[in-house]
Amino acid sequence: MSTATLERKPLTKKELAADHPTWCPGCGDFSVLALYFKLIEKRGIWHEKITTVAGIGCSSRFPYFVQAHGAHFIHGRALPFASGISLSRPDLHVCVFGGDGDAFSIGGNHFSHTARKNIKMTYVVMDNWVYGLTKKQTSPTSPIGFKSKTDAWGALDQPINPIKQAIAAGATFVARTTHTNPNHVLQMMEAAMDHDGFSFIQCLSECVEFYEGAFDASNPRKGGSFNLVPPDHDVTDEGAAYKIAGEPFPGKFGIIYKSTRPTKNANEAKINSDAQAKMKGLKDWQILQKNFDRLK
Ligand SMILES: Cc1ncc(C[n+]2csc(CCOP(=O)(O)OP(=O)(O)O)c2C)c(N)n1
Ligand code: SF4
Ligand SMILES: [Mg+2]
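Bear in mind that the values here come from a model prediction, so they are computed numbers and not experimental data.

Chemist: Explain the domain arrangement of the protein residue by residue, including any values.
Modeler: Splitting the protein by domain gives domain 1 (10–261) and domain 2 (262–296). Computed from C-alpha atoms alone, the centre-to-centre distance between domain 1 and domain 2 is 35 Å. Contact with domain 1, which involves 10 residues of that partner, is made by five residues of domain 2.

Quick look at the structure:
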């Protein structure tokens, strides 16, 4: 057989699309999914080279709708699960999707630790400022005054700022986008995928059922304004990044912070190769066994 016949064509959206998404008509999550397909198609990534992980929530239903390896895991626990995949399979693109509740409430601790460990993966939080799946509770990003089933008189608590939190925790790529600007979402996803480390994207994604109009002020089609991070912003300047992150809504969109630091993947790989060199000929599990034996 010639090499030409063996060549595989890039996957098409049709081949990538699995079950019909069960989101409400008009939900912002549809556009994020469509752009993920576009990303895989554009980059010519095979099914077996990408893995899509999520926790629980409307947004976290994401992996069901992608015809590739992935997991719909436990609420708030997508990141530790994805960390295991990333550290054991460096050949895979690990992409994690989820909601604001999943990421910053129940999964808040995992968010900080995955960021500080700089584990290679892309984490897209589809932030709708509400718990959608469980039908309108206050989320960690809901603004003060938001009326929900848990705050009938309006939310009282200061919302978290995902961008500031990501930078403070040690994320090495931090970006902000919105589902109403597809080209920008794709651009951010591509840049995140190219980053060697923990890349985090806050993607505003409207819940038309329980928080309609939340992001109108960022949508020029609804009279709002979509402003990019200024081209002269130094993405490596943490102070400048905080300043941008602290701007009132709708703020700025784009890559806000980026830095270079060894990944846990690289650090662990070095420990492994050093150990292998010392214990030549032994398999990984035999080296591990020797370590266990030493502890006896
Ligand atoms: C351990 C655990 N606690 C609570 C729940 C209930 N629960 C499921 S999804 C969810 C919040 C979803 O909100 P978010 O992560 O913002 O996703 P969205 O539905 O808005 O996309 C909650 C509280 C659960 N499934 N498991
Ligand atoms: S409830 Fe909201 S977040 Fe969930 S699918 Fe419907 S519109 Fe989307
Ligand atoms: Mg949500």
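Having seen it, we continue.
Chemist: Give a detailed account of the site of ligand 1, specifying residues and quantitative values.
Modeler: Neighbouring ligand 1 are 17 residues, the closest being G57, H75, G99, G101 and G132. For the shell around ligand 1, the secondary-structure elements that each account for two or more residues are α5 (100–104) and β5 (130–131). A per-class count over the shell around ligand 1 returns six nonpolar, nine polar and two charged.

Chemist: Tell me about the site of ligand 2, and name the residues and values.
Modeler: Around ligand 2, the surrounding shell consists of W23, C24, C27, D29, C58, N128, G132, L133, C207, V208, E209 and F210. For the shell around ligand 2, the per-class residue count stands at eight nonpolar, two polar and two charged.

Chemist: Provide a residue-level description of the environment of P25, including the pertinent values.
Modeler: Its place among the elements puts P25 in the loop between α2 (13–16) and α3 (29–43). Residues P25 and L11 lie 14 residues apart in sequence; the distance between their C-alpha atoms is 26 Å.

Chemist: Before we move on, could you go through the sheet that holds strand β3 (residues 93–99) and cite the residues and values that matter?
Modeler: The strand order across the open sheet built from eight strands is β2-β1-β3-β4-β8-β7-β10-β9, with neighbouring strands paired in mixed fashion. Two strands bound the open sheet, and with one partner strand each, they are β2 (69–72) and β9 (227–228). Here two bridges tie β9 to strand β10 (residues 252–258), and the two strands are oriented parallel to one another. Directly across from L228, in β10, lies its bridge partner F253. Most of the contacts of helix α7 (residues 162–169) go to strand β7 (residues 173–178), to which it runs at about 165°, and overall it touches β4 (121–127), β7, β8 (198–204) and β10.

Chemist: So, helix α11 (residues 284–295): which residues are in play, and what are the values?
Modeler: Taking 1.5 Å as the rise per residue, α11 with 12 residues should run 16 Å; its terminal C-alpha atoms sit 17 Å apart, in good agreement. Burial within α11 is sparse, with just zero of its 12 residues counted as buried.

Chemist: I'd like to hear about the packing of α3 against helix α8 (residues 182–194), residue by residue, with values.
Modeler: Between two packed helices, the angle of one axis relative to the other and the distance separating the axes together describe the packing. Their axes nearest at 10 Å, the elements α3 and α8 cross at an angle of 55°. The orientation of α3 relative to α8 falls into the category oblique. Between α3 and α8 lies a crossing of right-handed hand. Residues S31, V32, L35, K38 and L39 of α3 lie in contact with α8, whose contacting residues are P182, V185, L186, M189 and E190. Of the residues assigned to the contact of α3 with α8, the class counts are seven nonpolar, one polar and two charged.

Chemist: Lay out the nonpolar core with the relevant residues and their values.
Modeler: Of all hydrophobic cores here, the largest spans 65 residues; its most connected members are V96, V174, F200 and I256. When residues of this core are assigned to their parent elements, the largest contribution, six residues, is made by α3. Once you skip the residues sitting within four places of it in the chain, V96 turns out to touch V53, A54, A78, L79, A82, M121, T122 and Y123.

Criteria and thresholds
- Residues numbered from 1 in each chain as written.
- Chains lettered and ligands numbered in written order.
- Predicted model: local features only at pLDDT ≥ 70, side-chain atom pairs only at ≥ 80, totals over all residues.
- Domains from an automatic or database assignment.
- Contact = placed C-beta atoms within 7 Å.
- Near = placed C-beta within 6 Å.
- Helix = DSSP H or I, 4+ residues; strand = E, 2+ residues; numbered from the N terminus.
- Nonpolar A, V, L, I, M, F, W, Y, C, P; charged D, E, K, R; others polar.
- Pairing = 2+ DSSP bridges.
- Axes fitted to C-alpha atoms, helices over the stretch in contact; angles between N-to-C directions.
- Expected span 1.5 Å × (residues − 1).
- Buried ≥ 20, exposed ≤ 12 C-beta atoms within 10 Å, placed from the backbone.
- Parallel < 35°, antiparallel > 145°, perpendicular 65-115°, else oblique.
- Left-handed = near helix turned anticlockwise from the far one by under 90°.
- Core = buried A, V, L, I, M, F, W, Y, C linked by C-beta atoms within 7 Å.

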